[in-house]
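Structure assessment
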Amino acid sequence: TVNDISYNSFHFTVNADNMRMNSYDVDSSVSGSITITINNRNFGHATLQHGTVSLLPLDQLLSVTSPQSQEFDIANIQAGGESTVSFTLALNGERPESRLIPLIQVINNTFRSNQDTIWLLFGRDNRVITFEDNSWSSYPWYQDTIPWQNVVSGAYEGSRCLRSGNCGHGNKSELSITWTSTIDDSITFYKNVSSEDSYDWFKFYIDGQQMERLSGTGNQWSRSAFFVPRGTHTFKFSYEKDGSVSNGSDCAWIDNLHLPLSGTNYIYLLDSICQGSEYQFRDSLISTEGFDAGIHHFVDSAESTVYSLTLVLTPTPQITITGGDVTIRKGETVRLTATGAESYIWSSGETSSIIDVYPTETTTYTVTGYNGACSSKDSTTITVEGMIGIREQLSTTNIKLYPNPAQSTLTIDGEGVSRIAVIDITGRTIAEKNVEGTRNNIDVSSLNDGVYFLQVFDGKGNKTTHKFVKKK
């Protein structure tokens, strides 16, 4: 019935390549330069026939110096196969004391583009404190009368951590730091405690508000994480005892403290537009009129934040059609060729750069060429005058068609013929093939009875059109 509905499900596998970054290694042993070696793997189910690998630093502090072409060609990477490339980067200016810079690896093939991010840390990340050396003491800590201590045992990771001080009953050991967070961020750390259960406590405070507490002797190292809004905050770690009884190690430990982002905050942006277009970058409107195609960097600072924009200008295609703007007779063929872009769409629906058209009346053909998302157009007009012209001579060579009418096979005699095509009365190509020699045949047995035209081409592109009749 009309209301009957049936459902079917099916699964199928699409075999395609999928080249992605597998691992990478950074070598900064040579002063002023950095070598990044990247191993890429085909995680797909088909061979990567051909592709390119490029590396794009998102900070003008870095530029790729090798290879000179800025990219590597890769080919014939089977499913599960790997390919390794090495890029050399130059440091344009002084090495920053603390900055995390992203680099984008782009793998392009004919149909898709994959991007992976590599993060380069210059200096050290001053937000991460592992307590493995004495550098932790350089931070603006406030210790109370019973200070926390850096110890060589019981660490979560590595060999060192901080342990609360030895405090008697009714006392507490406190460690605090006042820290300005540049952005909305978080504070994370690992903690452990061994104490009298439910009486002696490890506690953590943000701006005087208790965020968590932990006691007992059966604890393991565990991670804590708390949201921290932008601004200045005080973080306090405290081990607090009641008036009697001690159990376990009677202390607390912290390790791998990760403070919110402080100092200058770098925000990296990547985008692409068509060459000559405008781009809104924060409060500024950037006009790229007159800019060369390629990579351009722009920087805008606001308070303690630096916005770094990498803008890729894709060249707008300059489209040219050759072979058009001619006058023909009805039924003749014109070959149009478009150049100047990566891909094309014609007004007649074709998507190749070269098309053959058979207008029966004066027609304008338009092609749109694309470089990525950037496009431009060109048009040409084919003027059609009069009826189909039938010439019996190609250059100086006589062309003979027989039998005419033809029933199953049409024979073409003549020297210098390189291609023949059968056209119906509407101008549509029914059959065509490349030929050689002085005598050639074409099968017309499948044609309906009626009048057709045979276009004969020589090696120089010269053409004549001949009428024949198909009759059973």
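This report concerns the structure included in the present document.

Thresholds, definitions, all that
Residues numbered from 1 in each chain as written. Predicted model: local features only at pLDDT ≥ 70, side-chain atom pairs only at ≥ 80, totals over all residues. Heavy atoms only, no water. Salt bridge = Lys/Arg side-chain N within 4 Å of Asp/Glu carboxyl O. Helix = DSSP H or I, 4+ residues; strand = E, 2+ residues; numbered from the N terminus. Phe/Tyr/Trp six-rings, centres within 6.5 Å; stacked < 30°, edge-to-face > 60°. Buried < 20%, exposed > 50% of the residue type's maximum accessible area, 1.4 Å probe, protein only. Pairing = 2+ DSSP bridges.

1. Description of the pattern of salt bridges
On inspection of all chains with the given rule, the structure shows 13 salt bridges. Here K191 ties to E212 by a salt bridge, and the two come within 3.6 Å at their closest N and O atoms. In this pair, K191 is assigned in strand 14 (residues 185-194) and E212 in strand 16 (residues 209-214), connecting sequence segments 21 residues apart. Beyond isolated ion pairs, a larger network of salt bridges with shared partners links K172, E174 and K236.

2. Re the packing of aromatic side chains
The final tally for this structure, using the stated rule, is 14 aromatic pairs. Measuring from centroid to centroid gives 6.1 Å for Y139 and W179, while their planes differ by 35 degrees, and the two rings are tilted. Here W179 lies in strand 13 (residues 172-181) and Y139 lies in the loop between strand 9 (128-129) and strand 10 (141-143), a separation of 40 residues in the sequence. Of the two residues, Y139 and W179, both sit in the buried class. In textbook terms, an aromatic cluster arises when at least three aromatic residues are bridged by ring pairs, as seen for F189, F204, F226 and F237.

3. A closer look at the sheet that holds strand 30 (residues 363-371)
Read across the open sheet, the 4 strands follow the order 26-31-30-28; overall the sheet is mixed. Of all the strands in the sheet, just strand 26 (327-328) and strand 28 (343-346) have a single pairing partner and so form its edges. Across 9 bridges, the pairing between strand 30 and strand 31 (residues 374-384) is antiparallel. Bridge assignment links G369 to a residue of strand 31, and that residue is S376.

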